[in-house]
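# Structural overview for review
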Amino acid sequence: MAAEAEGLEPQAAATEDAAGDATEAADAELCLLVGNRLSLDLYPGGCHRLLHLCAQQPPQLREVEFLQLSGHEDPQLLEATLTQVPRSLQRLRSLVLRGGQHWDVLGACLRGSLTTLPAGLSGLARLAHLDLSFNSLETLPACIPRMRGLSTLLLSYNHLSELPEALGALPSLTFLSVTHNHLQTLPIALGALSTLQRLDLSGNLLDTLPPEIGALSSLTELNLASNRLQSLPTSLVGLQSLRLLVLHSNLLTSVPTGLVHLPLLTRLDLRDNQLRDVPPELLDAPFVRLQGNPLGEALPAPRSPPGAPVILEMPRLFLNSDVDSFPVTPQGCSVTLACGVRLQFPAGATVSPVNIQYRLWLPEPRLVPLGPHDSLLSGVLELQPHGVAFRQKVSLWLLFVPPRIRRCREVVVRTLSGDSWGDLDTHVEEEAPKRLWAHCQVPHFSWFLVVSRPVSNTCLVPPEGTLLCCSGYPGVKVTFPPGATEEPRSVCMQVVRMASRELRALLGEPEAAASPLLCLSQSGGPPGFLQPVTVQLPLPPGVTGLSLDRSCLHLLYRTPLEAAWDDITAQVALELTHLYARFQVTHFSWYWLWYTTKTCVQDLARKAWERLRLHRVNLIALQRRRDPEQVLLQCLPRDKVDATLRRLLDRYRGPEPSDTVEMFEGEKFFAAFEKGIDVDAERPDCVEGRVCFVFYSHLKNVKEVYVTTTLDRQVQAVRGQVSFYRGAVPEEVPEEAKAARQRKGMDTVWMATLPIKLPRLRGSEGLGQGRGPSLSLAPLNLGDAETGFLTQSNLLTVAGRLGPDWPAVALHLGLPYRELQRIRHEFRDDLDGQIRHMLFSWAERQAGQPGAVGLLLRALEQSDRLDIAEEVRAILELGRQKYKDSIQRTSLAPRGLDPADPAAPQSVESAQV
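Residues numbered from 1 in each chain as written. Predicted model: local features only at pLDDT ≥ 70, side-chain atom pairs only at ≥ 80, totals over all residues. Heavy atoms only, no water.

### Topic: the nonpolar core
Ranked by internal contacts, the top residues of the largest apolar core, which has 76 residues, are Leu117, Leu199, Leu222 and Leu268. Breaking this core down by element, the ones donating at least two residues are helix H2 (46–56) and helix H3 (75–88). Every residue in contact with Leu199, bar those within four places of it in the chain, is listed here: Leu176, Leu190, Ile213, Leu216, Leu219, Glu221, Leu222 and Asn223. If you look at the next biggest cluster of nonpolar residues, it comprises 36 residues, including Cys470, Phe529, Val543 and Tyr557. (Core = buried A, V, L, I, M, F, W, Y, C linked by side-chain atoms within 4.5 Å. Buried < 20%, exposed > 50% of the residue type's maximum accessible area, 1.4 Å probe, protein only. Helix = DSSP H or I, 4+ residues; strand = E, 2+ residues; numbered from the N terminus. Contact = heavy atoms within 4.5 Å.)

### Quick word on the packing of aromatic side chains
On inspection of all chains with the given rule, the structure shows 15 aromatic pairs. For the pair Trp361 and Trp447, a centre-to-centre distance of 5.7 Å together with 40 degrees between the ring planes defines the contact as tilted. Separated by 86 residues along the polypeptide, Trp361 in strand S17 (residues 354–361) and Trp447 in strand S25 (residues 447–454) bring together distant segments of the chain. The exposure classification of Trp361 matches that of Trp447, with both residues buried. Residues Phe390 and Phe445 carry aromatic rings whose centres are separated by 4.9 Å and whose planes lie at 65 degrees to one another, so their mutual orientation is edge-to-face. With a gap of 55 residues between them, Phe390 in strand S20 (residues 389–400) and Phe445 in the loop between strand S24 (435–444) and S25 connect regions that are remote in the sequence. When its relative accessible area of 1% is taken as the criterion, Phe445 is described as buried. A cation sits over an aromatic face here: Arg198 above Phe175, 4.0 Å from the ring centre. Over the ring of Phe693 we find Lys703; its NZ or CZ atom is 5.0 Å from the centre of that ring. (Phe/Tyr/Trp six-rings, centres within 6.5 Å; stacked < 30°, edge-to-face > 60°. Lys NZ or Arg CZ within 6 Å of the ring centre and 35° of its normal.)

### Examining the confidence of the model for the protein
For the protein, the mean per-residue pLDDT works out to 79, and 82% of the residues sit at or above 70. Considering only residues more than four positions removed or in separate chains, one finds that residues 296–305, a stretch of pLDDT under 50, has two contacts. A low-confidence stretch, residues 889–913 (pLDDT under 50), is modelled with 43 contacts involving residues beyond four sequence positions or located in other chains. (pLDDT = per-residue confidence, 0-100.)

### Some points on the packing of helix H12 (residues 831–846) against helix H13 (residues 852–862)
The N-to-C vectors of H12 and H13 enclose an angle of 150 degrees; their axes lie 10 Å apart at closest approach. Note on packing geometry: the crossing formed by H12 with H13 is right-handed. Contacts between H12 and H13 involve Leu839, Trp842 and Gln846 from the first element and Ala852, Leu855 and Leu856 from the second. When the residues that make up the contact of H12 with H13 are grouped by side-chain class, the tally is five nonpolar, one polar and no charged. (Axes fitted to C-alpha atoms, helices over the stretch in contact; angles between N-to-C directions. Left-handed = near helix turned anticlockwise from the far one by under 90°. Nonpolar A, V, L, I, M, F, W, Y, C, P; charged D, E, K, R; others polar.)

Written out as structure tokens, the structure is:
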């Protein structure tokens, strides 16, 4: 019995260990539950985690209403996981199975592996939101038409060629998005979706529309852009609820005249079609966009004298930010884009007309190829169609941020050619102080960005040998003897300087010094030379060949495979002169000459190499004075903090900047709101409630977000915080630097925490009102006694209606074009942010000034936004009437007194929208 007991003890211990492991795993998975949300799309093995939770059945799982899974899971595992969902998540209201979270080498989103859904998902009675975007669906899963409670269905970026007639059986559907698929026809039953309010079918292959589409009585937004439509059914004039109709980039030759008479229509986009004869009603309507159409008949060209050459003037195009394409003909043209790009197509660059599309991408590590000591100076420009060769080279100008350090550095335009990135011959042109353009010639279209790199000197080394000198450091030379190579090889030299004070601080030695860091590289071929080549480096600063101690001189070599530094002083013969050191090498790599009393310098060299890549920065979190829910987050170089704060503190307030932290170029980091404060709305750059940043030392790492709280602000103010955490280290960072950071543990993930305070709401503030500046602050006193006053809430409504027309309104308000460009650059990923910043900055400057409201009304009218102007007038009249009634009701003024009279007391609030 004792033996049996002894044999059972290990089994019992193993059982306890397994139970402990299972408990720990379940606890880790429960940590992913945030309220009633379960987000597993950003974690490896999300399906395994969900299956484990379903097997354990914790009580929190039954409360889940929002589930996110990645579409990049194994198809069989994903199907098995989804089969368990109806049994375990019966309260589920939102299911997101998106792909597009992985990218290829060109930065394009990869589609998920999802091709169908299990039939049992139709049993989710409460499901209202289904997102299957960026997957591989070729047909609509049969279970979807049986989801009777579905209100939102997102199917963008799949391979759907048709939609089934059964789709019309969804009685609650209000939003359907099937963009960027392969749809050629639409089902007749689509007209049966009587509750549908938004329909987006852009980016497909549609050439006709069924007449039944006119039966969508609740439809307010219809997007059919980038299809092949040649005509429209007349039944579209029956869409009496329609407010937005987008038809740009089709083949339309005519449109029904009755569209202009739709009672609620505020925007009709017909750009880039084949419209020639347009009814006068469309031409005169202020909400119709017709750019890019061959309107009217072509006028005959004036006759030239016999024998005189015909000279055609090159067309000039100036494109707004809402235009993403333009045509190029054999005549050529000059194009200026709103994103800080200029192009010039010479005559004869194309044989036939070509439609060029462009897009400015936010810089991310997957799109930005940087060398070990490169810095990014611009966004990423994509020009399509990729790879189309021009008969003559096209000139390209890219606006970039001037680099802070220019000595021994150069600015180049980097582009993708085939599968590799290369640098183009670039000339820097200065248009004005701190306004620089990078000019280059491009043979075809691809991806382009501007980088600052160490000066690169390149030469073709023939078998007879040659001499390569550094243009930035004349004392750095490499001599290639005869026989160093059998065939001509292209060799590149780069030199990087490290400040002596940084090296002395690192080593703790006042006499330490280092020569410039030399890199020898090539585009291809054997890793070494057939004969040793002679390298000349200047001796470290303050050291001469007559006074140095040779035991303190160290020649360091970076081993390519191990990515470590070796001291090779004893392996080479150092020839010293008064100012230089010469030695022979046989491999391409990095070489560095140090002068220090330290004996083991390999690890110190690794730290110094890492220090060359690091930038010292501070983090700030400021709240707008008039709207504390609007928070500005920014990462600034240490020397830019004071000047930036002086510029911002008239409109923002907040705590002191964080302590100085160090970051790599291209490193990701996150801002997380904590202690009762959260991001107010879903953002594409928000992951699990954390706002994602990518640090680039020369770009403005700034974002403005709205925050909210679930706590009752009528009882007391909410005192929360925002914390900054490190993310992924960029791939081009040396491996030894990554390993050093990982060895330091998780404490290095946290960088800083700054307080955020939302003040207490007083009285009825915030009751029944949406997000906006009027929630917690006194209203903006914009206007005067004659024209009336507008509150911040009114201005927020105006901002929400402007859309892409905001630059025209800004110019009519008197804002200089340079300020428009600055706003576009600061908020280049946020159209709403551009509009709000422009309007509220102007309003703050106009506060208390007479005639401000009249100026706004004129600007709206001159920008063809009569709809908004009329709405503003109605608000002003309503506010004046309410004030007059209140005065008479409280007997504070005799009957007949006009509150618009300058002598009459004025209300601080106008009508709320």
